[in-house]
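For reference, the chains in residue letters:
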2 protein chains.
Amino acid sequence: MLSHSLDFAAWRQARQDEVEQALSTWVPADAPAGLGEAMRYAVLDGGKRLRPLLVLATSDAVGGLRTAALRAACSVELIHAYSLVHDDMPCMDNDVLRRGKPTVHVRFGEAQALLAGDALQALAFELLVPGDDSVPADMAALLCRLLAQAAGATGMAGGQAVDLASVGILLDQPALEAMHRKKTGALLKASVIMGAATGRASPEALVQLGRYGAALGLAFQVVDDVLDVIADSVTLGKTAGKDAAADKPTFVSLMGLAQAQSYAERVLDEAHAALDQSGLDDTAILHALADWVGRRAY
Amino acid sequence: MLSHSLDFAAWRQARQDEVEQALSTWVPADAPAGLGEAMRYAVLDGGKRLRPLLVLATSDAVGGLRTAALRAACSVELIHAYSLVHDDMPCMDNDVLRRGKPTVHVRFGEAQALLAGDALQALAFELLVPGDDSVPADMAALLCRLLAQAAGATGMAGGQAVDLASVGILLDQPALEAMHRKKTGALLKASVIMGAATGRASPEALVQLGRYGAALGLAFQVVDDVLDVIADSVTLGKTAGKDAAADKPTFVSLMGLAQAQSYAERVLDEAHAALDQSGLDDTAILHALADWVGRRAY
């Protein structure tokens, strides 16, 4: 078990470095009038890179195409990064601290933050269609479709709209889960499915990977709500206690702290069970990623 | 010549109706928490649909695939629409009137406007990859690539960043044209090239269509600057005199009104010449579109 943990830590570090390097290559430093600088500030040298790691691990599990997986990994991270930039703006969550640094609009101004987010979304799709033969066209088209659906009105953006409309409203658990299934769950699940789309997965494996991705997405959010209560801002790298202060419904406000913690465990069990039923040969890293999400401290 | 004009007017009306109908189908009414309503408000029942018309006319000129062309036409309009929503926001141009109606953030609030713009960009890419066999995968991937490049840091978003940084600065004509080549020119040119990508165009035709698209984009902007001076807000459907009030460089402030008007004519001549050298059989509609851009009153 110890060596297993060490293996995962080494795998994670190697892949995080690979993603960081690729993002640094692909997010343009020379975009005009400071735009490139704002884009790079929003993306580089920060974050756990959970979504890229999910893409890469799933791609490995299905014997996927490495070049496509790395592009897909970076594309989901760019969508995630742009959503944070826009979400932090004064008209949304009005947050000033992210990953321990001033947020993009604090550093570069609101207009530049808005444009940087917009340009990051476009770049996410551009990465998926490299214009050479490194990613087959049918795979590139499928990856674009999966990403667009996860990012748009039926996915992340739609979930953010529901979140905005939920302030001060007593959501029940199904409503709260439906909101998070879109807001954060759609892109986390898409990371898994896009990883699978870089290779060949049986229909049964795809179903179980989808179940794994959905459970992992839900567990991520429950743990996020728990951490918002029990961790401090320095550890989180963002403002703690924010949700409660904003009168937003959370799993902790709905079911209490201890219940939320045990609910996270049950949801993680579901993620592990899905992998066990996928028929895939080597899911050790995907199992370890689920545990990493469930037991993280920030 | 009269019948020619009537032909164009009939073609334009028919295609505008087709685009309006398609957009009404594809922009979701049921996106959650008012997001769909804001998206539809931003897109439907307004605008000249110049970009879609360019896609459709170019596709026709190269014998392109109609299903792909209609999707591409709507995708460029969604990118255009999202850019207007974000551009009108208080942190950018802070405009309250667009197409004769209150802007999206005035009507739905800033947060919803931000999300609606974000979701419209995602939808633009989703339209290009329909997930059935109505658009071949290699064509869909190419269309995504062209759209992403035109919308992102090297295209529209980059041009907006330059525009932001240019307030109160005396740009010379090359710098002003470079800014507009990105800010509005990239998407207009992409509309032409994406139309061409739905069919088969010879290398020479592609070069000349690119030249046509670039000239048309420049003419569009010069005329825009002229109209900002000589037209009133009711005719324009947006706030007139805005650029001068914002101390932004324009072709009129740079070269004077009469010179700007004759410059627009010369640039239009370039667009017509490119079509004449394209080797394409039927470019009547593309010629008429250039004249429509050059002689519009709003």
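Residues numbered from 1 in each chain as written. Chains lettered and ligands numbered in written order. Predicted model: local features only at pLDDT ≥ 70, side-chain atom pairs only at ≥ 80, totals over all residues.

### Description of the overall build of chain A
1) Next: The number of helices and strands found in chain A is 15 helices and 2 strands.
2) Next: Along the first, second and third principal axes, the C-alpha atoms of chain A reach 50 × 45 × 35 Å.
3) Next: Counting over 298 residues, chain A shows a buried share of 55%.
4) Next: Restricting the contact set of chain A to residue pairs at least 6 apart, pairs at least 24 apart contribute 73%. (Helix = DSSP H or I, 4+ residues; strand = E, 2+ residues; numbered from the N terminus. Buried ≥ 20, exposed ≤ 12 C-beta atoms within 10 Å, placed from the backbone. Contact = placed C-beta atoms within 7 Å.)

### Overview of the nonpolar core
1) Next: One finds C144, L147 and A219 of chain A together with C144, L147 and A219 of chain B to be the most contacted residues of the largest nonpolar core, which totals 211 residues.
2) Next: Ignoring any residue separated from it by four or fewer positions in sequence, one finds C144 of chain A in contact with F125, L128 and V129 of chain A together with F125, V129 and C144 of chain B. (Core = buried A, V, L, I, M, F, W, Y, C linked by C-beta atoms within 7 Å.)

### Comments concerning the relation of the copies chain B and chain A
Two chain copies, one operation linking them: a rotation about an axis together with a shift along it.
1) Next: By a simple turn and slide, chain B fits onto chain A: the slide is 0.0 Å along the axis, the RMSD is 0.0 Å, and the turn is 180°. Expressed as a symmetry operation, the mapping of one chain copy onto the other fits a two-fold axis. (Least-squares fit on C-alpha atoms with pLDDT ≥ 70 in both.)

### Points about helix α9 (residues 173-197) of chain A
1) Next: Over its 25 residues, α9 of chain A extends only 32 Å from the first C-alpha to the last, a length that falls short of the 36 Å expected when each residue adds 1.5 Å.
2) Next: The sharpest bend along α9 of chain A comes to roughly 60°, located at G185 of chain A. (Expected span 1.5 Å × (residues − 1). Bend = angle between axes of the 7 residues up to and from the residue.)

### Some remarks on the packing of helix α6 (residues 110-128) of chain B against helix α7 (residues 137-151) of chain B
Residues and elements named next belong to chain B.
1) Next: At a closest axis distance of 9 Å, the pairing of α6 and α7 adopts a crossing angle of 155°. The orientation of α6 with respect to α7, classified from their angle, is roughly antiparallel. Handedness of the α6/α7 crossing: right-handed. Listed contacts from α7 to A124, F125 and L128 of α6 are A140, L143, C144 and L147. (Axes fitted to C-alpha atoms, helices over the stretch in contact; angles between N-to-C directions. Parallel < 35°, antiparallel > 145°, perpendicular 65-115°, else oblique. Left-handed = near helix turned anticlockwise from the far one by under 90°.)

### What to know about the confidence of the model for chain A
1) Next: For chain A, per-residue confidence averages 93 on the pLDDT scale, and residues scoring 70 or more make up 93% of the total.
2) Next: Prediction confidence for the complex, expressed as pTM and ipTM, is 0.95 and 0.95 respectively. (pLDDT = per-residue confidence, 0-100.)

### Some details on the environment of R200 of chain B
1) Next: Locating R200 of chain B in the fold gives a position in the loop between α9 (173-197) and α10 (203-230).
2) Next: In this structure, the C-alpha to C-alpha distance between R200 of chain B and G63 of chain B, residues 137 residues apart in sequence, is 7.1 Å.

### So, the interface of chain B and chain A
1) Next: Tallying the contact residues gives 45 residues for chain B and 45 residues for chain A.
2) Next: At the level of elements, α2 (35-43), α6, α7 and α8 (156-165) of chain B are the ones that each hand at least two residues to the side of chain B that touches chain A.
3) Next: At 12 residues, the largest contribution of residues to the side of chain B that touches chain A is made by α6 of chain B.
4) Next: In terms of residue class, the side of chain B that touches chain A is made up of 29 nonpolar, 11 polar and 5 charged. (Nonpolar A, V, L, I, M, F, W, Y, C, P; charged D, E, K, R; others polar.)

### Focus: helix α14 (residues 257-276) of chain A
1) Next: For α14 of chain A, built from 20 residues, the straight-helix expectation of 28 Å at 1.5 Å per residue is met to within 8% by its first-to-last C-alpha distance of 29 Å.
2) Next: Contacts made by the buried residues of α14 of chain A are with α10 (203-230), α13 (251-255) and α15 (284-294) of chain A.

### A short note on the packing of helix α3 (residues 50-61) of chain B against helix α4 (residues 66-87) of chain B
All names here are of chain B.
1) Next: At a closest axis distance of 8 Å, the pairing of α3 and α4 adopts a crossing angle of 155°. Relative to α4, the element α3 is oriented roughly antiparallel. For the pair α3 and α4, the crossing hand works out as right-handed. Within the contact between the two elements, α3 uses R51, P52, V55, L56 and S59 and α4 uses A69, A72, A73, C74, V76, E77 and H80.

### A word on the environment of G155 of chain A
All names here are of chain A.
1) Next: Of note, G155 is situated in the loop between α7 (137-151) and α8 (156-165).
2) Next: Along the sequence, G155 and V43 sit 112 residues apart, while their C-alpha atoms lie 21 Å from each other.
3) Next: Ignoring sequence-local partners within four residues, the contact set of G155 consists of Q149, A150, K182, A186 and L187.

### Focus: unusual backbone geometry
1) Next: In this structure, N94 of chain A takes a positive phi of about 50° despite not being glycine.
2) Next: With respect to the helices and strands, the residue N94 of chain A is situated in the loop between α4 (66-87) and β1 (97-98).
3) Next: Positive phi, close to 55°, is recorded for R99 of chain B, a residue that is not glycine.
4) Next: Residue placement: R99 of chain B occurs in the loop between β1 (97-98) and β2 (101-102).
5) Next: When the 15 C-beta atoms within 10 Å are taken as the criterion, R99 of chain B is described as partly exposed.

### Focus: the environment of Q277 of chain B
All names here are of chain B.
1) Next: Its location among the elements puts Q277 in the loop between α14 (257-276) and α15 (284-294).
2) Next: Overall, the presence of 14 C-beta atoms within 10 Å leaves Q277 in the partly exposed class.
3) Next: Spatially, the C-alpha atoms of Q277 and E204 are 8.5 Å apart, while their sequence positions differ by 73 residues.

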